[in-house]
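In case you want the letters, here they are:
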There are 2 protein chains.
Amino acid sequence: MYAQASAKIELPSYVQSPAPVSEGPTTPVTFFSSGAEIYAQGEKAGALYQVEFGAVRIYRLLADGRRQISAFHMAGETFGFEADATHHFFAEAINATGVRVFRTPSGTDMSRQLLPLALKGLTRAQEHLLVLGRQNAIERVAAFLVEMSERQGGLRQVELPMSRNDIGDYLGLTIETVSRVFTRLKEKGVIRLLNLRSIEILKRDTLLAMGE
Amino acid sequence: MYAQASAKIELPSYVQSPAPVSEGPTTPVTFFSSGAEIYAQGEKAGALYQVEFGAVRIYRLLADGRRQISAFHMAGETFGFEADATHHFFAEAINATGVRVFRTPSGTDMSRQLLPLALKGLTRAQEHLLVLGRQNAIERVAAFLVEMSERQGGLRQVELPMSRNDIGDYLGLTIETVSRVFTRLKEKGVIRLLNLRSIEILKRDTLLAMGE
DNA sequence: CGCAGTTTTGACGAAGTTCAAGCACAGTGG
DNA sequence: CCACTGTGCTTGAACTTCGTCAAAACTGCG
């Protein structure tokens, strides 16, 4: 069930109780409203962030404003680790979002916990490179919908917490192209739009084949 | 100086003595000839590979043969670590290449050594996402040349160990487009081709501005 | 109910791909 | 030593896909 209106904060059905990154006294949850910056490129890094509910976009900008979203993070996922002491990307809340911030005491060795997360992120980024480098618009959107579906437990109904603009900037497409592809997929009977932010997958196999 | 013909194996000028990943008795160097497979997607992972000389391409394929190279690895660099027990990519020698293979004894915790490598790789992959998602052909090639130059110590002369085909598959372009962009950069006096595999950067600032 | 922002749709143009041909260079053998 | 051949690179012309610009339609919210 999709949480409707009982609370001020949107709680999509795919929210799970994530395993905390570290033990000990529970870190309080920090709230970010839609569009709020969590950290900026160039800022000093050091903390770890775990999404409690909501969604986060990680992105970079070119001087003229072009934006590339390199990842979305949903409930349960951890982000914010960097190769050096500086953030190389921006992190923003897409919607009202709750995040647990873990300030790791300097001198603590977190590599055992961090390595699997970093490797998971690396694999995802490399797979996304294939999408951006070698797939066309339909294939990209299909791959995206499959990815979102799988990250939400493989359900027919998929919630898209982000705007068409975000999807475009994630897939290296314009919002118009994203919109046109959605229309084409609807016409082909592959998906159905329940509302702007949630779709239903009608032909999973076709979608999978398109996204490779 | 570029090693000419004294040995059978090409030893580009930018070969450095890499720091070994692990201590102890020196692991022997395994040789791969041009195009030889180091590992394949789907194979069991577990070893670490450090390039001694030569160059390696990491890539993925789509069912119809489209290829995306996600990374090149040059002398001194380590690759081969994965998020799970399986390789998700192919690794091939671009030229005659020497690789030290470290079979990590099961039960050994390498996370302290691996984490910085994984994070470095993650940052590079994410930066490459920006190139593939949001930059046009000239910007991609410019960014590539700058990257190669910096990885070789920022010299004016840059050796390209890979073919135009490899460059295309790394930048998400066809070989024809890569070639045309090289021609344009020559016409603008930004670069000069010494031979097919080595270029000289004449206007570094212009190239940097183009690649952002 | 009406407004603002987002999404969709349409017409057009530019960038890059495809297909095809020609060129350059290294290696081979006469 | 030079022609021959193969491979990789460059160039050209036609075509396709996606981006741009503009306008209309829709959604959600006050």
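Residues numbered from 1 in each chain as written. Chains lettered and ligands numbered in written order. Predicted model: local features only at pLDDT ≥ 70, side-chain atom pairs only at ≥ 80, totals over all residues. Heavy atoms only, no water.

Engineer: So what exactly am I meant to see when it comes to the relation of the copies chain A and chain B here?
Structural biologist: What relates the two chain copies is a rotation about an axis together with a slide along it. Relative to chain B, chain A is turned by 180° and slid 0.0 Å along the rotation axis, the superposed coordinates differing by an RMSD of 0.0 Å. What we have between these two chains is a two-fold relation. Looking at chain A, 100% of its interface residues are interface residues in chain B too, so the copies touch through the same face. (Least-squares fit on C-alpha atoms with pLDDT ≥ 70 in both. Contact = heavy atoms within 4.5 Å.)

Engineer: Would you explain the interface of chain A and chain B in this entry?
Structural biologist: By convention, interface size is frequently given as the accessible area that disappears when the constituent parts associate. Residue-level contacts link 41 residues of chain A with 41 residues of chain B. Interface area, chain A with chain B, both sides summed: about 3,800 Å², of which 66% is carbon and sulfur. On the chain A side of the contact with chain B, L129, L130 and R134 of chain A bury the most area, a combined 19% of that side's loss. Between the two partners, chain A and chain B, sit 8 salt bridges. Two residues, R66 of chain A and E139 of chain B, come together in a salt bridge whose shortest N-O distance is 2.8 Å. Here chain A is connected to chain B by 17 residue pairs in polar contact (both at pLDDT 80 or more). Of all elements in the fold, only β5 (67-74), α1 (111-134) and α3 (164-171) of chain A reach the threshold of two or more residues within the side of chain A that touches chain B. Per-element accounting of the side of chain A that touches chain B gives the leading share, 19 residues, to α1 of chain A. Considering only residue class, the side of chain A that touches chain B consists of 15 nonpolar, 13 polar and 13 charged. (Buried area = accessible area lost by both parts, 1.4 Å probe. Salt bridge = Lys/Arg side-chain N within 4 Å of Asp/Glu carboxyl O. Polar contact = N/O pair within 3.5 Å; in protein donor to acceptor, adjacent residues only side chain to side chain. Helix = DSSP H or I, 4+ residues; strand = E, 2+ residues; numbered from the N terminus. Nonpolar A, V, L, I, M, F, W, Y, C, P; charged D, E, K, R; others polar.)

Engineer: Please explain the pairing of strand β7 (residues 90-93) of chain A as it appears in this structure.
Structural biologist: Successive side chains on a regular strand alternate, one facing one side of the sheet and the next facing the other. Residue and element names in this part refer to chain A. Alternating residues of β7 divide into F90 and E92 and A91 and A93, and every residue in both groups is buried. Both strand β2 (residues 37-39) and β7 contribute to a ladder of 2 bridges, which runs antiparallel. Paired with Y39 across the two strands is A91, which belongs to β7. Looking at chain direction, strand β4 (residues 55-61) and β7 are connected through 4 bridges and run antiparallel. By the bridge assignment, R57 is partnered in β7 with E92. (Buried < 20%, exposed > 50% of the residue type's maximum accessible area, 1.4 Å probe, protein only. Pairing = 2+ DSSP bridges.)

Engineer: Help me understand the protein's contact with DNA strand D, please; the structure alone is not making it clear to me.
Structural biologist: Lining the immediate environment of DNA strand D, one finds 19 residues, of which A137, T177 and R180 of chain A together with R180 and T183 of chain B sit closest. One of the side-chain N or O atoms of T177 of chain A is found 2.5 Å from a phosphate oxygen in DNA strand D. Here a phosphate oxygen of DNA strand D sits 2.9 Å away from a polar atom, N or O, in the side chain of S179 of chain B. Listed by contribution, the elements that provide at least two residues to the surface near DNA strand D are α4 (175-187) of chain A together with α4 (175-187) of chain B. The element that contributes the greatest number of residues to the surface near DNA strand D is α4 of chain B, accounting for 5 residues. Within the surface near DNA strand D, the residues separate by chemical class into 6 nonpolar, 7 polar and 6 charged. (Near = heavy atom within 4 Å.)

Engineer: Can you walk me through the pattern of salt bridges in this structure?
Structural biologist: Between side chains of opposite charge, a pair can form as their charged atoms come close. Residue and element names in this part refer to chain A. In this structure the tally under the stated criterion is 30 salt bridges over all chains. Its salt-bridge partner being D64, residue R66 comes within 3.0 Å of it at the nearest N-O pair. The class of D64 is exposed, set by a relative accessible area of 55%. Salt-bridge contacts for R156 lead to E200; the nearest nitrogen and oxygen are separated by 3.2 Å. Of this pair, R156 sits in the loop between α2 (137-151) and β9 (157-159) while E200 is found in strand β11 (residues 198-201), placing the two residues 44 residues apart along the sequence. According to the relative accessible area criterion, R156 is partly exposed, its value standing at 46%.

This is a description of form; function is not addressed.
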